[in-house]
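# What the coordinates show
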Amino acid sequence: MPGQRPSESRAHAIVRYLTIVPQAHYAVFDADFQMTLYELFHTHRISRVGHAVCTPIVCFSALAALAQVTLPSPLDAPYLSLALPLAALLSANGYLYGRRIGALTTAVVAMMTLAATLFAAAGIPHAPALAVGGMLLAGALQTWSHTFEPVPPPLSGQRDFLSLGEWWSQASPGRKLATAALATTAFIALELLASFRILPCQLRAYTLALGRAPSERMALDRRVAELRAAWPF
């Protein structure tokens, strides 16, 4: 398999090819690691804007879809739905990044949950399909915004990140087709799952962009540079 390391099993190489950074999907409680990966993989303005718009839409759409399902008895009171457990998880995730980001995440999630509950109560025809469709569309657009980012290992077929132009000139037709197929299937699914995880990363990035905690900004930039220079995954 292209990009497979000499001592690596084929199964592990496939997992690494599909997920890019396997640890990102299970080391969810390591806030510094998640933040470092977020900064590493979102450097282009279009990618950042795409995520700033699409990630909240994915989260809201998921809440809106779950808000259609009321909680079972004896919790089947008005406005109590399956959106509430997801909202609680999203809010709790924010506190991994500190109390300030946790409180900010909770405020954002509370507004989205209220909007999702009102959406469910409005009796809009085909509301669940609209919510799921919005989530899938936003997830796809968010995935495709990575087109403007450097191509990472193992997709690049190298140990280093490559620009899209460099990758296109070097990649075989089979690799291009495989990447295109993944970009319309598995990568979208992974991006949808990641949206719930990276919401507080985005909020933390916004606060750092405003000049808050310059020492934290410097430490984050250093971790990103070190990770990119010595890619371990």
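Before any of the text, the structure's been laid out above.
For clarity, every value in this text was computed on a predicted model and none was experimentally measured.

### Notes on the packing of helix α4 (residues 83-94) against helix α5 (residues 99-121)
Interaxial distance between α4 and α5 falls to 7 Å at its minimum, and their mutual angle equals 160°. Here α5 runs roughly antiparallel to α4, going by the angle between their axes. For α4 against α5, the interelement crossing comes out right-handed. Of α5, the residues touching α4 (which contributes L84, A87, L90, S91 and G94) are I101, G102, T105, T106, V109 and T113. Its residues assigned to classes, the contact of α4 with α5 shows 5 nonpolar, 6 polar and no charged.

### A few points about the pattern of salt bridges
Applying the stated criterion across every chain yields a total of 5 salt bridges. Residues R217 and E39 are paired through a salt bridge, measuring 2.8 Å at the closest nitrogen-oxygen approach. Of this pair, R217 sits in helix α10 (residues 214-229) while E39 sits in helix α2 (residues 31-41), and the two are 178 residues apart along the sequence. We classify E39 as buried; its relative accessible area is 7%. Close ionic contact of R204 with E216 constitutes a salt bridge, the shortest N to O distance being 2.7 Å. Residue R204 is located in helix α9 (residues 186-209), and its partner E216 is located in helix α10; the two are separated by 12 residues in the primary sequence. By relative accessible area, which is 9% here, R204 ends up buried. Salt bridges linked by common partners bring E39, R48, R217 and D221 together as one network.

What counts as what
- Residues numbered from 1 in each chain as written.
- Predicted model: local features only at pLDDT ≥ 70, side-chain atom pairs only at ≥ 80, totals over all residues.
- Heavy atoms only, no water.
- Axes fitted to C-alpha atoms, helices over the stretch in contact; angles between N-to-C directions.
- Helix = DSSP H or I, 4+ residues; strand = E, 2+ residues; numbered from the N terminus.
- Parallel < 35°, antiparallel > 145°, perpendicular 65-115°, else oblique.
- Left-handed = near helix turned anticlockwise from the far one by under 90°.
- Contact = heavy atoms within 4.5 Å.
- Nonpolar A, V, L, I, M, F, W, Y, C, P; charged D, E, K, R; others polar.
- Salt bridge = Lys/Arg side-chain N within 4 Å of Asp/Glu carboxyl O.
- Buried < 20%, exposed > 50% of the residue type's maximum accessible area, 1.4 Å probe, protein only.

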